[in-house]
Amino acid sequence: MPQDCVVAFLVGLIEGDGSIRLIPYRGEQRLIIEFISASSAMANWYRKVVALLIKSPVKTPCFHVKKNGQNNPVYKISLKGARAESLGKILLTYQGAMDRKWDCIRNFYCDTAV
């Protein structure tokens, strides 16, 4: 699949089942990009594709959420710092992203481009 299609798909995944935020860290802002899925196959695909894009390994931690009395696995992939910044730069190449989520990254790069 062409990289621009993969990037567009990742943007859609993060817009639907992810989050982008900044947190204070050692006197600066730290970028965090997260994706959560109940599907181990989707979480593993996301992890592998992101690792290839940013050229760095990515872990897929699993935690359980009780629903209707049963433990259901949930997979959360969280990128912080340099990995999140690498992915953010790649994802910003897609022009159809929702401003509500992506302005956080755009502002982060404007603030750190000094």
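Undergrad: Which parts of the structure should I look at to understand the environment of R83?
TA: Among the secondary structure elements, R83 is positioned in helix α3 (residues 81-91). For R83, a relative accessible area of 36% puts it in the partly exposed group. Counting along the chain gives 27 residues from R83 to S56, while the straight-line C-alpha distance between them is 7.5 Å. When residues no more than four places from it in sequence are discounted, the contact partners of R83 are I54, S56 and P57. Engagement of the side chain of R83 in a polar contact is seen with the side chain of S56, the distance being 2.9 Å. One polar contact links the side chain of R83 to the main-chain carbonyl oxygen of P57, over a distance of 3.4 Å.

Undergrad: What exactly am I supposed to notice about the packing of helix α2 (residues 40-54) against α3 here?
TA: What describes two packed helices is the angle between their axes and the distance between those same axes. In contact at an axis separation of 10 Å, α2 and α3 are set at 85° when each is read in the N-to-C sense. Classified by the angle their axes make, α2 and α3 are roughly perpendicular. Across from Y46, V50, L53 and I54 in α2, the residues of α3 making contact are R83, S86, L87 and I90.

Conventions we followed
- Residues numbered from 1 in each chain as written.
- Predicted model: local features only at pLDDT ≥ 70, side-chain atom pairs only at ≥ 80, totals over all residues.
- Heavy atoms only, no water.
- Helix = DSSP H or I, 4+ residues; strand = E, 2+ residues; numbered from the N terminus.
- Buried < 20%, exposed > 50% of the residue type's maximum accessible area, 1.4 Å probe, protein only.
- Contact = heavy atoms within 4.5 Å.
- Polar contact = N/O pair within 3.5 Å; in protein donor to acceptor, adjacent residues only side chain to side chain.
- Axes fitted to C-alpha atoms, helices over the stretch in contact; angles between N-to-C directions.
- Parallel < 35°, antiparallel > 145°, perpendicular 65-115°, else oblique.

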